[in-house]
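# Tertiary structure, described
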Amino acid sequence: MLLDVLQKYWGYSEFRTLQEEAMSCVFDARDSVVVLPTGGGKSLCYQAPAMCREGVAVVVSPLISLMKDQVDSLKTCGISAAFINSTQSVAEKRQVADDFRNGTLRLLYIAPERLVQPQTIEFLQQQTISFIAVDEAHCISEWGHDFRPEFRELARLRDSFPDISIHAFTATATEQVRQDIAEQLALRDPQILVGSFDRPNLVYRSERRDSILDQAREILDRHKNESGIIYCPSRREVDSISAELNANGYRTLPYHAGMTDGERRQNQEAFAEESIDTIVATVAFGMGIDKSNVRYVIHTGMPKSLENYQQESGRAGRDSLEAECVLFYSLSEFMRWKKNIEDGSDAGAEAAMRSLQAMVDYSTGVSCRHRSLVQYFGEDFKLDSCGACDVCLQELDEVEDALIVGQKILSSVVRQGERFGSEYTSLVLKGSRDKRVVANGHDGLSTWGILADESQSSIRDWIGQLVSQDFLVRVGEFGTLAVTPRGRELLRGNVTPKLLRAAETTTRQKKRSTKLTASWEGVDRELFDDLRILRHDLAAEASVPAYVVFTDETLRELSRFRPSTVETMIRIKGVGEKRLATYGEPFLDAIRKYCEQSGVEFDAWLDGADSVRGSATSRPRADASSVEPGSRSVKPRAFDLFREGTPLEAVQAETDRAMSTIVGYLSEFIQLEGLTDPTPWIDETSFDRIRLATREAGTERLKPIYEVFEGEISYDTIRIALACLKNEEALSE
Ligand code: ADP
Ligand code: ZN
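Quick look at the structure, then. Owing to the predicted nature of the structure, the values given are computational and were not obtained by experimental measurement.

Structurally, S320 can be placed in the loop between helix 14 (306–313) and strand 13 (323–329). Sequence separation between S320 and Y715 is 395 residues, and the spatial gap between their C-alpha atoms is 33 Å. Contact partners of S320, with chain neighbours within four places excluded, come to R16, G39 and N201. At 3.2 Å, the side chain of S320 and the side chain of R16 are in polar contact.

Now the structure itself:
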């Protein structure tokens, strides 16, 4: 029943982890606390059951902008939902009240402070309430990072609605917060469901901040036409980075607390509708954004805690597709936060310092970043390598004589009497005449200047790395360094540390996470771009965020399977009945037009793979692990054949796939192998002619080139030629 609802309204054919359990609680009216990471699909856990149970579901949500987005999104799915808040006119409120009384609403969103008012409670009591869902429930807890006093009032809900089940949802992991939520809401024997906090679809990278504009541009260039956020530590930097990027042809807008409400809203909307690609912001840009297809989150400075970093970077990839989180850290940032903590009279200074230190350890660390993050939040990490962070992708250079470097650092720590922190230690090793060093007589130590050839920031990084590998510990409030028993082993030469050198950004090779590129497999990128633009236009017209029209995943599926009819389109993940009725036509038109013009075929899942899939009418599924069943075994075979220079027809005969699929594989193969010579597959004359044509038409799009030859050269040939020409370009850059 729940699955039917998921299919009908959302076009989803399966549950995500713990969704079924969470929905069952709501369905069975058993109180619950559900902890799932951002993007885990919490909203569906109450939205889907709301369609199955009698009455109206009341949803408590802290932010007005989130309420609006959720309600817009539900309406697009064909679900009757509404919110009541202070932004509405009297007439709008009356309309909602009427809909509520008439029983036509399935979900009603209300802010906590309004919900607990006596007149609201009286109003709600006029109708059957199916259940109450509390979103962002950690706001009720003082232990959480987002405590909101108005949430405390929710403690009264239980008395006002004694027979109605209450369901709390949060992404905050700590046990203490969880308990607090259950107690504050007076939950009765709640089912507590806690998901994993790892976000396997995010690629984490951490680099030392250098020439930040170039560093940021390098990332943006990897994500052409994709949405992302750049977080900056100050308003001034927001303005300058945004302006400079725009001057260089990127499409960005700034967002910070120094702007008027109107400006901020406008820029946020432009981002949501995808009129721009990148929002450059301070952390003021936060909770209110509910954009599922953020493909990269860049931090140009270090946040003050790992909790903050997890939150902010977590805004990437909520749709479960691959996304990238890059942190640029610097020593000055650390000093600034440290000073803030020291200057503040906060009782929580020690905890704040610990969080900051964890942040530094993460930034400079050399172990898997997925592991570091989940372990910090108290979870085990089972994989040896995540395949999705700069460490596991081996993008960082190892220091060759790590044992000797490690020994030099540790012996300096010992000689300094284990009474100084990492900054000071790095000064000594660097050979600084800093007045503290001189006053302590440490310029006379044998370790003074022993690493003079290295930069101070490298030395600091290595100290951090030695801490994270348990050769050193930081002690006390000031993070004084001391050598551990394992460190003594290192001094004796019995164990070797792993030390990494942050490579220059410009030379650093970014490895593609193969685990994650699978989600693009078989996707026609040009069609994807066309559909993305269509989505933008439709979203802007309806004043809704782009993902409300279709998610990125759905766009990719549409560009992969290219349905030609309503009947085939409904099988695409993310296309429910209502969305099909609203958006089916324009998207089918665009797909038709594209396929006809580019000679790409429709209904791609029908080709060849039937025997594997059982029946041609089965629904295509496109999560990374189940792309085109059957293609897994065929693609490597095709690649082998390409490697031997086998002609296309022979590859097709051997693999039993449509020619367009084979050509798609070949382009991918050419790209992966960096080939520049296409002559095993196309004739040399055509290649030369196409090369000439690209001088005018560029290598990005097929159609302009196709038109130059007026159909004389096929799309397949052009596609193969362009793949090689792009490699040529990359070589000459
Ligand atoms: P959270 O509130 O936990 O951060 P959301 O509820 O916003 O996550 O869901 C994140 C995205 O995942 C949304 O685009 C949502 O539609 C999608 N989603 C949720 N459940 C499923 C599912 N079972 N199958 C496919 N997509 C899903
Ligand atoms: Zn890793």
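There's more to say after this.
Once that is clear, we can look at empty space enclosed by the protein. For the structure on display, the rule yields six cavities of 30 Å³ or more. There is about 50 Å³ of room inside the second largest cavity. In terms of lining, the second largest cavity is formed by S598, G599, V600, S660, L702, Y715, D716 and R719. Among the residues forming the lining of the second largest cavity, the class breakdown is three nonpolar, three polar and two charged.

This paragraph deals with the packing of helix 31 (residues 648–655) against helix 32 (residues 659–673). The contact between helix 31 and helix 32 brings their axes to 10 Å, and the two run at 115°. Between helix 31 and helix 32, the crossing angle belongs to the class labelled roughly perpendicular. Considering how the two elements wind past one another, helix 31 and helix 32 form a crossing that is right-handed. Facing helix 31, whose interface residues are L648, E649, V651, Q652 and T655, helix 32 presents M659, I662, V663 and L666.

What follows is about the pairing of strand 4 (residues 107–110). Where burial is concerned, the two faces of strand 4 agree: the one with L107 and Y109 and the one with L108 and I110 are both buried. The pairing of strand 3 (residues 81–84) with strand 4 spans four bridges and is parallel. Across the sheet, the residue bridging to I84 is I110, located in strand 4. Handedness of the crossover joining strand 3 and strand 4 through helix 5 (residues 90–102): right-handed.

Strand order in this open sheet of seven strands is 3-4-2-5-6-1-7, and the pairing throughout is parallel. A single partner strand is all that each edge strand has here, and the edge strands are strand 3 and strand 7 (191–194). Pairwise comparison of adjacent strand axes, ignoring direction, gives a mean angle of 20° for this sheet. Running over the sheet, helix 3 (residues 42–50) touches strand 2 (56–60), strand 4, strand 5 (129–134) and strand 6 (166–170) and is turned about 135° from strand 4. Helix 4 (residues 64–76) rests against strand 3 and strand 4 of the sheet, and its axis sits at about 160° to strand 3.

We now examine the sheet that holds strand 8 (residues 202–208). The six strands lie next to each other as 8-13-12-9-11-10, forming an open sheet whose pairing is parallel. Strand pairing shows two members of the sheet lacking a second neighbour, strand 8 and strand 10 (252–255), which therefore form its edges. Neighbour-to-neighbour, the strand axes of this sheet turn through a mean angle of 15°, independent of strand direction. Sheet topology note: the strand 9 (residues 227–231)/strand 12 (residues 294–299) ladder contains five bridges and is parallel. Paired with I230 across the bridge in strand 12 is I298. Taken strand by strand, helix 12 (residues 235–247) contacts strand 9, strand 10 and strand 11 (278–281), and its axis lies near 170° from that of strand 10.

Another point: the state of the cysteines. Formally, a disulfide is one covalent bond, and it connects the sulfur atom of one cysteine to the sulfur atom of another. One pass over the full model with this rule turns up zero disulfides. C25 provides the cysteine sulfur closest to C45, a residue in no disulfide bond, and the two sulfurs are 9.5 Å apart. C325 supplies the cysteine sulfur nearest to C232, a cysteine that is in no disulfide, at a spacing of 16 Å.

Around ligand 1 sit 15 residues, and of these Y12, E14, G39, S43 and R318 come closest. G40 has a polar backbone atom sitting 3.3 Å from an oxygen atom of ligand 1. Here G41 contributes a backbone N or O atom positioned 3.0 Å from an oxygen atom of ligand 1. Considered on its own, ligand 1 offers 570 Å² of accessible surface; in the complex 89% of this is hidden by protein. Counting residues per element, the shell around ligand 1 draws most heavily on helix 3, at three residues.

Moving on, we come to the nonpolar core. One finds Y204, I229, F285, Y309 and Y362 to be the most contacted residues of the largest nonpolar core, which totals 44 residues. Per-element tally for this core: the top contributor is helix 16 (residues 349–364), with six residues. The contacts of F285, once residues within four sequence positions are left out, are I229, Y231, Y255, Q268, F271, I279 and R315. In terms of nonpolar packing, the next biggest core, distinct from the first, is built from 37 residues, V60, I121, V134 and F151 among them.

Across the interface, helix 18 (residues 402–415) lies against helix 19 (residues 422–430) with an axial gap of 10 Å and an inter-helix angle of 110°. If you check the angle between helix 18 and helix 19, you find them roughly perpendicular. Every pair of crossing elements has a handedness; the one defined by helix 18 and helix 19 is right-handed. Together, K408, I409, S412 and V413 of helix 18 and T425, V428 and L429 of helix 19 make up the contact between the two elements. Of the residues belonging to the contact of helix 18 with helix 19, the class tally is four nonpolar, two polar and one charged.

The rules behind each value
- Residues numbered from 1 in each chain as written.
- Chains lettered and ligands numbered in written order.
- Predicted model: local features only at pLDDT ≥ 70, side-chain atom pairs only at ≥ 80, totals over all residues.
- Heavy atoms only, no water.
- Helix = DSSP H or I, 4+ residues; strand = E, 2+ residues; numbered from the N terminus.
- Contact = heavy atoms within 4.5 Å.
- Polar contact = N/O pair within 3.5 Å; in protein donor to acceptor, adjacent residues only side chain to side chain.
- 1 Å grid on protein atoms, 1.4 Å probe; cavity = no way out; pocket = protein on both sides within 12 Å on 5 of 7 lines; lining within 4 Å.
- Points joined across faces, edges and corners; volume = space filled by probe spheres on them.
- Nonpolar A, V, L, I, M, F, W, Y, C, P; charged D, E, K, R; others polar.
- Axes fitted to C-alpha atoms, helices over the stretch in contact; angles between N-to-C directions.
- Parallel < 35°, antiparallel > 145°, perpendicular 65-115°, else oblique.
- Left-handed = near helix turned anticlockwise from the far one by under 90°.
- Buried < 20%, exposed > 50% of the residue type's maximum accessible area, 1.4 Å probe, protein only.
- Pairing = 2+ DSSP bridges.
- Right-handed = clockwise from strand over helix to strand, strands pointing away.
- Disulfide = S-S within 2.5 Å.
- Near = heavy atom within 4 Å.
- Areas by Shrake-Rupley, 256 points an atom, 1.4 Å probe, with all protein chains shown as cover.
- Core = buried A, V, L, I, M, F, W, Y, C linked by side-chain atoms within 4.5 Å.

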